[in-house]
Amino acid sequence: MTDTTSTPLVQIREVTKRFGNVTAVDRVSLDFLRNELFAILGSSGCGKTTLLRLLAGFEQPTSGRILIDGVDATDVPPYDRPVNLMFQSYALFPHMTVAENVAYGLRKERVPAARIRERVAEMLAMVKLEPLAARKPDKLSGGEKQRVALARALVKRPKLLLLDEPLAALDKKLRQHTQFEIANLQYQLGTTFVVVTHDQGEAMTLASRIAVMADGRIAQVGTPGQVYEFPANRYVAGFVGNINLFEGRVTGVDGGRMSLRCEALGVELAVLSDEAIAPGSAACVAVRPEKITLSRQAPETKDRNLVKGTVWDLAYFGDQSLYRVRLKNGTELQVSAQNLRRSAKLTVEWDDEVYLSWEIASTILLLS
Amino acid sequence: MKRRSPMLMTIVAFGYALLYVPIVSVVIYSFNGSRLVTLWGGFSLRWYASLLADKDLLGAALLSLRIAIVSATFATALGAIVALALHRVNRLRGRLLLSGMITAPLVMPEIITGLSLLFLFISMADLIGWPASRGATTITIAHITFSMAYVVVVVRARLAAMDESLEEAAMDLGGRPVAVFFDITVPMLLPALVSGWLLSFTLSLDDLVISSFVSGPGATTLPMLIFAKVRLGVTPDINAITTIIIALVVIIVVAATIISGRRGPVAARPADAGGQ
C-alpha cells in the first residue's frame, strides 16, 4: 500500500530546466510517496521527458533541488543514484544476451559472480523469460524486449523506477496485459514506480496518483478520480477524457449553489461550488458525456440541468453508444450512454428530438 | 521481363574490360615461364620463387607491411577519437567547418599532401631537431595523417546510426563513463573500427606518391621499389609481386566490406511498433 505517513521518497523542489531560452520544466514541485505508482501525464513537448531525465540524472536542473530519500541528489551523477530508468526504446545492449543485459547493473556494482547468477535467474523468473536467457535482443519480440528492459532496470533494487512510455511500443492487446503486469510488479516489490505517458487511459489505469503537465508546469496532481471528476482547470478537463465545455457568466450565488448564464446553451445552469465568486464574473461550465441522460420525454428537473436538442450523429459501439446532439443555436454536445437493454433497435435515433439532463452535482465549474 | 539492350550490354562489357583486362593480364603473365614479358612460355612459378631470393624486394615488402600495420593502428585510434568528439560535442561552434576540414584530405591531391608534409618535416628538423632524418618514421606519420580522415568518415557513419540511449542505459545501471565507453561504445563501434583499420592498411600499403616525398635514404617501400624497377624495364617478377599485392588488397577490401556492411547491432531497434 502507498505509505502516506512518512516523508516522501522523492521531493522535487521548485525545479526549473532551461535549454537556451526554452523552458522545458518550469518551477515544478512534486512529491513521490514511498511505494506508489505515480504517473506523469502530458502531451509531447510538455516537459515530462525532461523531468524524467532530471530524476535519472542525465540533465542538471537550471535551478531547484531534487531530494531522494531525504538526500539531496541534484548533483549526483546517474551511476550513483538509487534510481533506474526503463527507456522508451528499451535500449537493450544488442551485443549482450538477455542474461548479460540483466546482469550488467550488478556487474558494475562488483557483486560476486555466484550472487549475480542467482539474482539474474530470479529476475528472469519474475518476468517469465528464463527460457530466453541466452538469446540476443534482436531475436526477441517487442513484448519480450520490454520485459528484459524491466528486469534489467529492477535488478539493482532501485528505490525509484522510472518508466518512459513503457507501453507505447506494444500492440493494443499486449498493452492491456502489460499494464496489469507492471501494476502487479509494483505491488509485489513495493518500489516506487513513476510512469511517464501521453496516454490518459494508461495513466488512469496504472497509477494511484497522476500529475498532469502542460507547458513545463504541473497543471494538477491527484488520484485518477480527482483528476477526472474534479479537474483543476480547462486544460486538465479537456486533456483527460472527453468533456463538454461552455463559457458562462455568474448570475447568482446562493450558499453553495451558483447559477450561470451560458450563451452557447441558451439556458441558465446551476452548479454546486464553494468558490467565492462575485456575480457577473466569467467562468466555465463543463460536463462529462457519460453524466448526461438522454430522453425523448421531458425528465424530472429537480436538481438537474436541462437542455433540448436534436440527435445529429450517433456511433454504436455495442456496449455503449455515443451521441452528438445539436441545439437550436448550433452548439453541439457529446453524450454517451450504456446500452442497458438488449434490443437491436435503438431507442434514440438520428434526428430525434431529445432532452439532455444532468445532475447539478455532476456539473463542473472551472475558473482557470 | 525487360529485354536487355545489346548496345547497353556492349558498353558495360567494354567498361569492365577496360578495368580488368590489364589486371588479369598481369596475373596471367605472372605465371609465364618465359623471360620475355610479352611472350607466353608455358605455366611456371619460377618468378614467385625468384621473389623469395630477392633481398631488396623482401626488405621493401616487410617495411611496407610494418608501416601499414603501425599507421593503420594509430590512424584508427586517432580517427575514432576525432569522430567521437565531433559526434558528442554537438553544440561545438563551427562543427560543420571542422567536419568538412577533417574530410578534406580525402580529395586533396597526393602531390600537395606529400609536399606539405615534406616541408613540415624539414622545418621541424630545423626548429626542434626532430625528425633528424627522414625514413620509415616520417612515412608512417604521413600515412597516419591521411588514413585518419577515412577512419573518421567510417566511424562517424556508425555513430550516427547508434542509439544514444544505449550509453545512457549503461550509465543508469551504474557504469561510470570510462566503463560505459569500453562496455558499450567500443563494441558498438567495433565493425567500423575494423573496417577503418583495414582501409587504412590498404591505403598505406598502396601509397607511392606521399611516401616518395617524405622518405629518406634507406627507406624504400614496396610500391617505391616496384616503381623504380619498372622504370628500368618490366621484368616478369614484377608481375608476380603485383599479383600478390592484388590478392592481398582484394582479400582485405572484401573483408572490410563484409564487416562494415554486416547488419550489425547498430541500434536497439524500437520494438515492433503497435499504434501510437
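This one's a predicted model, so the numbers in the text were calculated from it and none came from an experiment.

1. As for the packing of aromatic side chains
Alright, step 1. By the definition in use, this model includes ten aromatic pairs over all chains.
Alright, step 2. When the ring of Y16(B) is compared with that of Y20(B), the centres are 6.5 Å apart and the planes differ by 10°; the resulting orientation is stacked. Of the two residues, Y16(B) and Y20(B) are both situated in helix α1 (residues 6-29); the distance of four residues between them amounts to about one turn of the helix.
Alright, step 3. Under the relative-accessibility criterion, Y16(B) is labelled exposed at 53%.
Alright, step 4. The class for Y20(B) is partly exposed, based on a relative accessible area of 46%.
Alright, step 5. The structure contains a cluster of three or more aromatic residues connected by ring pairs, namely F31(B), F43(B) and Y48(B).
Alright, step 6. Between R288(A) and the ring centre of Y228(A), over which it is positioned, the NZ or CZ distance is 4.0 Å.
Alright, step 7. The ring centre of W312(A) lies 3.7 Å from the NZ or CZ of R326(A), which sits over that ring.

2. Topic: the packing of helix α3 (residues 55-88) of chain B against helix α10 (residues 222-231) of chain B
Residues and elements named next belong to chain B.
Alright, step 1. Running from N to C, α3 and α10 cross one another at 145°; their axes reach a closest spacing of 7 Å. Along its contact with α3, which presents D56, L57, A60, A61 and S64, the element α10 presents L222, P223, L225 and K229.
Alright, step 2. The residue inventory of the contact of α3 with α10, partitioned by class, reads six nonpolar, one polar and two charged.

3. Notes on the pattern of salt bridges
Residue and element names in this part refer to chain A.
Alright, step 1. Tallying each qualifying case throughout the model produces 29 salt bridges over all chains.
Alright, step 2. Between E229 and K291 there is a salt bridge, with its nearest N and O atoms 3.1 Å apart. One end of the pair, E229, is in helix α7 (residues 224-229); the other, K291, is in the loop between β14 (282-287) and β15 (293-295), and 62 residues separate them in sequence.
Alright, step 3. For K291, a relative accessible area of 22% gives the class partly exposed.
Alright, step 4. A network of salt bridges, in which partner residues are shared, links D313, R324, R326 and E332.

4. Observations regarding the domain arrangement of chain A
Quoted interface sizes are often the accessible area lost when the parts come together.
Residues and elements named next belong to chain A.
Alright, step 1. Each assigned domain of chain A is listed here: domain 1 (10-239) and domain 2 (244-366).
Alright, step 2. Placing a centre on the C-alpha atoms of domain 1 and another on those of domain 2 gives a separation of 39 Å.
Alright, step 3. Facing eight residues of domain 1, the contacting portion of domain 2 comprises nine residues.
Alright, step 4. Carbon and sulfur atoms make up 48% of the area that domain 1 and domain 2 hide from each other, which totals about 730 Å².
Alright, step 5. For the domain 1 face of the interface with domain 2, the top three residues by lost area are Y228, E229 and R234, together amounting to 68%.
Alright, step 6. Summed over the shared surface of domain 1 and domain 2, the result is two salt bridges.
Alright, step 7. Across the domain 1-domain 2 interface, the total number found is five residue pairs in polar contact (both at pLDDT 80 or more).
Alright, step 8. Every element with two or more residues in the side of domain 1 that touches domain 2 is listed here: α7 and α8 (234-239).
Alright, step 9. Looking at the side of domain 1 that touches domain 2, the element that brings in the most residues is α7, giving three residues.
Alright, step 10. Broken down by class, the residue content of the side of domain 1 that touches domain 2 amounts to five nonpolar, one polar and two charged.

5. Regarding the sheet that holds strand β11 (residues 244-254) of chain A
All names here are of chain A.
Alright, step 1. Taken in spatial order, the five strands line up as β13-β12-β11-β14-β20 in an open sheet, and their pairing is antiparallel. Bordering the open sheet on either side are β13 (267-272) and β20 (364-366), each of which pairs with just one other strand. Between one strand axis and the next, the sheet turns through 45° on average, direction left out of account.
Alright, step 2. Two elements, β11 and strand β12 (residues 257-262), share five bridges in a ladder whose sense is antiparallel. Following the sheet pairing, D254 is matched in β12 by R257.

6. Quick word on the interface of chain A and chain B
Alright, step 1. Contacts between chain A and chain B engage 34 residues on the former and 28 residues on the latter.
Alright, step 2. Both faces considered, chain A and chain B share a buried interface measuring about 2600 Å² in area, 57% of it formed by carbon and sulfur atoms.
Alright, step 3. The interface formed by chain A and chain B includes three salt bridges.
Alright, step 4. E168(B) is paired through a salt bridge with R53(A); the nearest N and O atoms lie 2.7 Å apart.
Alright, step 5. Within the residue set of the side of chain A that touches chain B, elements represented by two or more residues are α1 (48-56), β6 (83-86), α2 (98-108) and α4 (142-154) of chain A.
Alright, step 6. Grouping the amino acids of the side of chain A that touches chain B by side-chain chemistry returns 17 nonpolar, eight polar and nine charged.

7. Digging into the packing of helix α6 (residues 136-160) of chain B against helix α8 (residues 177-206) of chain B
Residues and elements named next belong to chain B.
Alright, step 1. As a packed pair, α6 and α8 sit with axes 9 Å apart at the nearest point and diverge in direction by 155°. The angle between the axes of α6 and α8 places the two elements in the roughly antiparallel class. Remark: the crossing between α6 and α8 carries right-handed chirality. Residues H143, F146, S147, Y150, V151, V154, V155, R158 and L159 of α6 touch α8, and the partners they reach there are M188, L189, P191, A192, L193, S195, G196, L199, S200, L203 and S204.
Alright, step 2. For the contact of α6 with α8, a count of residues per class yields 13 nonpolar, six polar and one charged.

Definitions and limits used
Residues numbered from 1 in each chain as written. Chains lettered and ligands numbered in written order. Predicted model: local features only at pLDDT ≥ 70, side-chain atom pairs only at ≥ 80, totals over all residues. Heavy atoms only, no water. Phe/Tyr/Trp six-rings, centres within 6.5 Å; stacked < 30°, edge-to-face > 60°. Helix = DSSP H or I, 4+ residues; strand = E, 2+ residues; numbered from the N terminus. Buried < 20%, exposed > 50% of the residue type's maximum accessible area, 1.4 Å probe, protein only. Lys NZ or Arg CZ within 6 Å of the ring centre and 35° of its normal. Axes fitted to C-alpha atoms, helices over the stretch in contact; angles between N-to-C directions. Contact = heavy atoms within 4.5 Å. Nonpolar A, V, L, I, M, F, W, Y, C, P; charged D, E, K, R; others polar. Salt bridge = Lys/Arg side-chain N within 4 Å of Asp/Glu carboxyl O. Domains from an automatic or database assignment. Buried area = accessible area lost by both parts, 1.4 Å probe. Polar contact = N/O pair within 3.5 Å; in protein donor to acceptor, adjacent residues only side chain to side chain. Pairing = 2+ DSSP bridges. Parallel < 35°, antiparallel > 145°, perpendicular 65-115°, else oblique. Left-handed = near helix turned anticlockwise from the far one by under 90°.

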